[in-house]
Every structure is written in C-alpha cells, then in structure tokens.
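Remarks on the overall topology
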Amino acid sequence: MLHLLILRYLGSEADVEPHIPGHVEYLERHHAAGTFIASGQTVPASEGGAILARGVDRAAALAITTEDPFVRAGVAEYSVTTIDVGRAHPALAGLVSAA
C-alpha cells in the first residue's frame, strides 16, 4: 500500500513559518525510517505540500500525520488517500511493493 498525504495550510504562509524547523525534522525522521519516499511543496507553495508514504497501514499513516508540528499547531491539516498499487514502472517496483 502507498499513501498520498496531502497537507493543506489552514491560514497564511506566515502562520506556518514558525513551525517549519519542526516540520523539517518530522520529514527527515520519516524519510530516514523509509516511511516517506517523496515529499515536497505544492505548486503554488501557499497551498501546502504532499508526501508519498509506504510500509505502514492506513491507520499508522493517519497517526503519523498527527505528529506533524504543523498539525499540532493547528496551522495545517492532512487528507490521506490510500492506494493499492496495481501497476508501477519497473524503476519503482521495489518502492511501491512494500506493505
């Protein structure tokens, strides 16, 4: 399973700014653990960001989103879309097959 975590800011970028260092640490921790395989800002950046997660079930993915300092501060929220991958490019097969 893959999970697409869509982060949406609830206010302005100025509201989010004080929490960026904590959010970066959160991203780095989950990337290092192998749970996050891609992350980045949306275009335009003022809307929020997106993360591609793997290796956890949906309940765990939802729990991970509550750890984000943006969420804890009330300046952003996540929506989670779980994907049961049926096809993947061969270059991605090893990444998307982990449950």
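Above this text you will find the structure in question.
The following paragraphs examine the structure supplied in this document. (Residues numbered from 1 in each chain as written. Predicted model: local features only at pLDDT ≥ 70, side-chain atom pairs only at ≥ 80, totals over all residues. Heavy atoms only, no water.)

1. What to know about the pattern of salt bridges
Under the criterion given, the structure shown has three salt bridges. Between glutamate 25 and arginine 29 there is a salt bridge; the shortest N-O distance is 3.2 Å. Taken as a pair, glutamate 25 and arginine 29 lie in helix 2 (residues 20-32) at a separation of four residues, close to a single helical turn. The class of glutamate 25 is partly exposed, set by a relative accessible area of 40%. (Salt bridge = Lys/Arg side-chain N within 4 Å of Asp/Glu carboxyl O. Helix = DSSP H or I, 4+ residues; strand = E, 2+ residues; numbered from the N terminus. Buried < 20%, exposed > 50% of the residue type's maximum accessible area, 1.4 Å probe, protein only.)

2. Here's the deal with the sheet that holds strand 3 (residues 48-54)
Two orientations exist for strands paired in a sheet by backbone hydrogen bonds: parallel and antiparallel. If you trace the four strands from one edge of the open sheet to the other, you get 2-3-1-4, paired in antiparallel fashion. Since the sheet does not close on itself, it has two edges, and those belong to strand 2 (36-41) and strand 4 (76-83), each with one partner. Put simply, the sheet's adjacent strands are angled 15° from each other on average, direction ignored. Sheet topology places strand 1 (residues 2-9) next to strand 4; eight bridges connect them, and they run antiparallel. Residue pairing in the sheet places isoleucine 6 in a bridge with serine 79 of strand 4. Helix-sheet contacts for helix 2 involve strand 1, strand 2, strand 3 and strand 4, and the interaxial angle to strand 2 is about 155°. On top of the sheet, helix 3 (residues 58-66) reaches strand 1, strand 2 and strand 4; it is set at about 165° to strand 4, its chief contact. (Pairing = 2+ DSSP bridges. Axes fitted to C-alpha atoms, helices over the stretch in contact; angles between N-to-C directions. Contact = heavy atoms within 4.5 Å.)

3. Things to note about the layout of surface pockets
Put simply, the largest pocket is a space of about 260 Å³. Tyr9, His23, Gln41, Gly48 and Phe70 are the residues nearest the centre of the largest pocket, which is lined by 18 residues in total. Split by residue class, the lining of the largest pocket holds ten nonpolar, six polar and two charged. (1 Å grid on protein atoms, 1.4 Å probe; cavity = no way out; pocket = protein on both sides within 12 Å on 5 of 7 lines; lining within 4 Å. Points joined across faces, edges and corners; volume = space filled by probe spheres on them. Nonpolar A, V, L, I, M, F, W, Y, C, P; charged D, E, K, R; others polar.)

4. Topic: the environment of histidine 23
With respect to the element layout, histidine 23 can be found in helix 2. Residues in contact with histidine 23, not counting those within four places in the same chain, are Leu7, Asp68, Pro69, Phe70 and Tyr78.

5. Considerations on the nonpolar core
In this structure, Leu5, Tyr26, Phe36, Ile51 and Phe70 are the most contacted members of the largest nonpolar core, which totals 17 residues. Breaking this core down by element, the ones donating at least two residues are strand 1, helix 2, strand 3, helix 3 and strand 4. If sequence neighbours within four positions are ignored, phenylalanine 36 has contacts with Leu5, Tyr26, Leu27, His30, His31, Ile51, Leu52, Ala53 and Ile64. (Core = buried A, V, L, I, M, F, W, Y, C linked by side-chain atoms within 4.5 Å.)

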